[in-house]
Amino acid sequence: MDVNQEQHKRRIENIIRDFCASPANSLENGTGEPAWDDAQVAYARGDDPLFDQLRADIGPFYWTPYEAFKLAYPEMQYDSSELAVICYILPQTEATRLEQRAVTEVPAERWARSRFHGEAFNCALRLHLAEQLTQAGTPAVAPERLPDFDYRQSERFGLASNWSERHTAWVAGLGTFGLSDGLITRVGKAVRFGSVVVKMDLEATPRPYAGHQDWCLWYAQGTCGVCMQRCPAEAITEKGHDKPKCFDYIRKVTAPYVREHYGTGATPCGLCQVKIPCEARVPVSAR
Ligand code: B12
Ligand code: SF4
Ligand code: SF4
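The model shown is predicted, which means the values in this text are computed figures rather than measured ones.

Visitor: Before we move on, can you summarise the sheet that holds strand β2 (residues 83–91) with the specific residues and values?
Guide: As summarised here, the arrangement of the four strands in space is β1-β2-β8-β3, forming an open sheet in which the pairing is antiparallel. At either margin of the open sheet sits one strand with a lone partner, and together these are β1 (40–45) and β3 (140–141). When β1 meets β2, the two strands line up antiparallel, connected through six bridges. Within β2, the position partnered with A44 by the bridge is V85. The sheet contacts of helix α3 (residues 65–72) involve β2, β3 and β8 (191–199), and relative to β2 the element is tilted by about 95 degrees.

Visitor: Could you give me a rundown of the packing of helix α1 (residues 3–20) against helix α5 (residues 109–135), with the residues and numbers involved?
Guide: Orientation of α1 relative to α5, taken along the N-to-C sense of each, is 140 degrees, at an axis distance of 10 Å. On the basis of the axis angle, α1 is oblique to α5. For the crossing formed where α1 meets α5, the hand is right-handed. Of α5, the residues touching α1 (which contributes I15, I16 and F19) are L125, H128, L129 and Q132.

Visitor: Give me the packing of helix α4 (residues 94–101) against α5: which residues, what numbers.
Guide: The geometry of α4 relative to α5 is characterised by a closest axis approach of 7 Å and an angle of 125 degrees between their N-to-C directions. In terms of orientation, α4 and α5 fall into the oblique class. On the side of α4, the interface is formed by A95, T96, E99 and Q100, while α5 contributes R110, W111 and S114. Of the residues assigned to the contact of α4 with α5, the class counts are two nonpolar, three polar and two charged.

What counts and how
Residues numbered from 1 in each chain as written. Chains lettered and ligands numbered in written order. Predicted model: local features only at pLDDT ≥ 70, side-chain atom pairs only at ≥ 80, totals over all residues. Pairing = 2+ DSSP bridges. Helix = DSSP H or I, 4+ residues; strand = E, 2+ residues; numbered from the N terminus. Contact = placed C-beta atoms within 7 Å. Axes fitted to C-alpha atoms, helices over the stretch in contact; angles between N-to-C directions. Parallel < 35°, antiparallel > 145°, perpendicular 65-115°, else oblique. Left-handed = near helix turned anticlockwise from the far one by under 90°. Nonpolar A, V, L, I, M, F, W, Y, C, P; charged D, E, K, R; others polar.

Structure follows, in structure tokens:
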């Protein structure tokens, strides 16, 4: 990597690391306990052909990095080769994973807090990173925070957002999809993601996989399927993830439960993200 590239990446990673080390990274449970472990960062090129392929697969409403950037900077002249996408993983802490492993019907308190306060932190991190880069002369935008970010109906995939954090992470080499739909990363599936598009020349992180499901035991070796047993709504089957079933369970059961018992908002569940072989690692051995 040339010196410039190395400097740019170090600066980006320092912004993320410093923000994660701040008191904002909190479960807000009165102990100062952080919501997230150390972030992992990777990069994709704005002109990676996979972004166009995703749009073709998901639907015309889906944003490429070029389109997301255009919404923030409509007057600017640029092409997609001048853009890069910074993707990061925020791993659940061991304490949160341990507590979540013990539950079978509704999420544990730490998990609910990480979905609510931890995602608020993630939203702030997306904006902070974009703002810091923009102030330093490299315009940037967090697509998930754009006013037009929304859900649509994809002909092939049902409910779908116009910017997918985990598809972006897949392009950036961070992981592959599992039977449950969750993206399995080097630090497992019990994580959240964020991303920022920036007008900067950054080398892409190599993708250490060929297929989009390579790191799931079910698809790679025809074994496992443990996430099916973990789902109390029977929303995961041999055919994959039934989104409407999952959505209904979260809206009707887990969201009201956490509101009443923990005083947290948002839509947590994630029982299928722990007590499974891919909880905190890639379960498929390198071949
Ligand atoms: C809408 C949404 C939901 C909805 C609908 C879920 C859904 N769409 O799958 C509901 C409420 C059900 C939900 C539930 C959960 N969610 Co949610 N959700 C989202 C959101 C906002 C948009 C997802 C989306 O529409 N993506 C676009 C569509 C097209 O993607 P998709 O249908 O999932 O993709 C499938 C196909 O495209 C398929 N595929 C088929 N063919 C091909 C071919 C190729 C080449 C590729 C690449 C893919 C592919 O791959 C995917 C998996 O099968 C994202 C945040 C974001 N902006 O990305 C979070 C997000 C996906 N959720 C997340 C989490 C953590 C959860 C929950 C655990 C809740 C919780 N926090 O406790 C559960 C887990 C459900 C599950 N089994 O995965 C994380 C994902 C973590 C992970 N490891 O994957 C995200 C990324 C949020 C974040 N910022 O980190 N979620
Ligand atoms: S629990 Fe097993 S089948 Fe489910 S996503 Fe993880 S590796 Fe794949
Ligand atoms: S988030 Fe909950 S309801 Fe949805 S698939 Fe996972 S375990 Fe099932």
